[in-house]
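The lines below spell out each chain.
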Amino acid sequence: MPITSIILVAIGILFLLYSLKPTANICRYVQSHKRGWYCLFVLILFFIIGYGLFIHFISNEAKLDILAIVVANIFFAGSIFVCLVAHLSLKSILHLNKIVDEKAYQATHDSLTDLPNRHFFQECLRSENIVGLDSYTIMLMDLDKFKMINDLSGHHVGDKLLIDVANRLSTLAHHEVTISRLGGDEFSLLVTNKTDDEIVQLAQQIVELIKQPYIIDTKRFNIGISVGIAHYPRHATNGGGLLKCADIAMYHAKGQRLGYSLYSEQLALDLEQMHSRIFELEHAILSRELFLSYQPIFNSKTGKICSVEALSRWTLSDGTKVSPTEFIPLAQSNKLIQSLTSFVLQSSLTQLATWHQQGFMINMNVNLSATDFQDKYLVNRIFNLLKQHKIAPRYLTMEITENALLEDVEQAKVNIKELRNAGVHIAIDDFGTGFSSLNYLRILDINQVKLDHSFTKDLLTQDKDLAITNASIKLAHQIGCIVTAEGVDSEELRDKLVELGSEQLQGFWLSKPVTPTEVSVLLEAEATKQHSNITR
């Protein structure tokens, strides 16, 4: 009996049996050509039966030793081949499936935060699980002050901050709350099975969660978040419309610093009107439809006009007057502020040059925004205008609010130093209303301080306001700054501020903002009065 042949074929049967499991798994995993793999599985079963019959045959035929060994070797090699094909095919298919799964995951998830991405979120809105619901809620979220941190501290800090925010938001995720990162610093929540009250509580929880301090590279950062909320089908009947509604609500929340806001038709109308107003403002700036008024600033000792503050004004074609408190923030938030500042500088210095030619050597005060101080070419533009109009730098005062400096103190320091070195005066406007008044006096080359009217208006009746104003004036004098008191609305207040040592006074009681012609009239009247006094 050919023992060797029987052993080889028996081992071949074991190889064939070992190949059955991977072949069966392939039939389960593959999505195409399943029939071919099922056929292979059946063929392996037939091979096993055939191998068994061959063993039975050669065990009873002693004369087939050489032929049996040849065939047994073929069967043995064939079984190894089938086993290798089955196992290697399974490994390849599993590897390819893994690659496909990774690609599919990458296509639907954010590489930085590992949250679902915009594509995943939009697919969710189109899925049968969502479309079939009677109601659901979308919450769009945008981080506040993220761009400033990202620009000033570097993208690596911004990335770490986004990861920390994503980790915090992920603690809210469960089967009823799906969190996604849509891109940049914008996130979304898809919420099901929540009442209106529960949605509001969730929004409040998000606002509180995100505003907690972040420690990155040993530095402490604070940011906020604005959340826009829209309900299906109350606000829109499809996912795209709902996203638009939530975006409008988020824009409103950010603009009003509300933390969160629920969509309403009024918000949409307000946004449409605002976009129309932005277009009108851009056109007004480019076509020079804006104009300037000038509010005189008086020397407290002589009572004469020593300077004027340039104030931009805008009147629509229908006669409607748009308040600066409306259009200046609008310009600031829509990248129009630099064009507006250029208009104010050009117009005010042109007018100042005219007054100087007439012999009225007064100063001009011009306000700067935060965006202006991020402009590396600001100083050159100012110097070119002064040179163009032949105005000595000492006749120009740039007023800067504390909030403007908060954007980028280092760049502000550079610009202020260059301006001061050239002789331009720098004044902190609304002094005392921010959080960094004393620090700015310490680190910046300021030579004027404008006391905010919120302190001066009640100093005759409020002891605390009197004490704060008195201390501020003394502090300014000790560091070599002159003081301009705003909000002078009575003779008694004027006298008190003169007594306290304020060198300059400004307010509606002294003079409201007036036209250039009216300023000229006031200056002519002062000159006439002075000449009259001299000739007496």
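Definitions and limits used
- Residues numbered from 1 in each chain as written.
- Predicted model: local features only at pLDDT ≥ 70, side-chain atom pairs only at ≥ 80, totals over all residues.
- Heavy atoms only, no water.
- Helix = DSSP H or I, 4+ residues; strand = E, 2+ residues; numbered from the N terminus.
- Pairing = 2+ DSSP bridges.
- Axes fitted to C-alpha atoms, helices over the stretch in contact; angles between N-to-C directions.
- Contact = heavy atoms within 4.5 Å.
- Buried < 20%, exposed > 50% of the residue type's maximum accessible area, 1.4 Å probe, protein only.
- Right-handed = clockwise from strand over helix to strand, strands pointing away.
- Arc of directions from axis to C-beta.
- Polar contact = N/O pair within 3.5 Å; in protein donor to acceptor, adjacent residues only side chain to side chain.

Visitor: I tried to follow the environment of T350 on my own but got confused; where do I start?
Guide: Following the sequence through the fold, T350 ends up in helix α12 (residues 337-357). Residues T350 and Q388, spaced 38 residues apart in sequence, show a C-alpha to C-alpha distance of 9.2 Å.

Visitor: Is there a simple way to explain the sheet that holds strand β7 (residues 260-262) in this structure?
Guide: Strand pairing in a sheet relies on backbone hydrogen bonds, with the paired strands running either antiparallel or parallel. With mixed pairing, the five strands of this open sheet are ordered in space as β2-β3-β1-β6-β7. The two strands at the open ends of the sheet, each matched to only one other strand, are β2 (177-183) and β7. Put simply, the sheet's adjacent strands are angled 20° from each other on average, direction ignored. Relative to strand β3 (residues 186-191), β2 runs antiparallel, the two sharing six bridges. Within the sheet, the bridge partner assigned to I179 lies in β3 and is L189. Sheet contacts for helix α7 (residues 155-170): β1 (136-144), β2 and β3; angle to β3, the most-contacted strand, approximately 10°.

Visitor: Whenever I open this one, the side chain of S511 confuses me. Can you help?
Guide: Position of S511 relative to the elements: it lies in the loop between β16 (504-505) and α21 (516-535). Owing to a relative accessible area of 8%, S511 belongs among the buried residues under this scheme. Setting aside residues up to four positions removed in sequence, S511 forms contacts with Q295, P296, F298 and L522.

Visitor: So what exactly am I meant to see when it comes to the pairing of strand β6 (residues 224-232) here?
Guide: Burial analysis of β6 places nine of its nine residues in the buried class, which makes it a mostly covered element. Burial of β6 is two-sided: the residues G224, S226, G228, A230 and Y232 facing one way and the residues I225, V227, I229 and H231 facing the other way are all buried. The sheet contact formed by β1 and β6 spans nine bridges and is antiparallel. Looking at β6, one finds that I138 is bridged to A230. Sheet topology note: the β6/β7 ladder contains three bridges and is parallel. Looking at the pairing, V227 lines up with Y260 of β7. A crossover connection joins β6 to the parallel β7 through helix α9 (residues 239-256); in handedness this β-α-β unit is left-handed.

Visitor: What is the right way to look at helix α4 (residues 118-126) in this model?
Guide: The α-helix winds at 3.6 residues per turn, so residues separated by three or four positions along the chain end up facing the same way. Among all positions of α4, only F121, C124 and L125 are buried. One side of α4 carries all its buried residues, which in axial view fall inside an arc of 100°. Where α4 starts, the residue carrying a side-chain oxygen 3.2 Å from the main-chain nitrogen of H119 turns out to be N117.

Visitor: Before we go on, may I ask you to explain the pairing of strand β11 (residues 363-368) in this structure?
Guide: Successive residues of a regular strand alternate their side chains across the two faces of the sheet. Judged by how many residues are buried, β11 sits mostly within the fold: five of six residues are covered. In this structure, strand β9 (residues 305-315) lies alongside β11, joined through three bridges in parallel fashion. What sits directly across from V308, in β11, is M364. Pairing of β11 with strand β12 (residues 396-401), which is carried by five bridges, proceeds in the parallel orientation. By the bridge assignment, L368 is partnered in β12 with I400.

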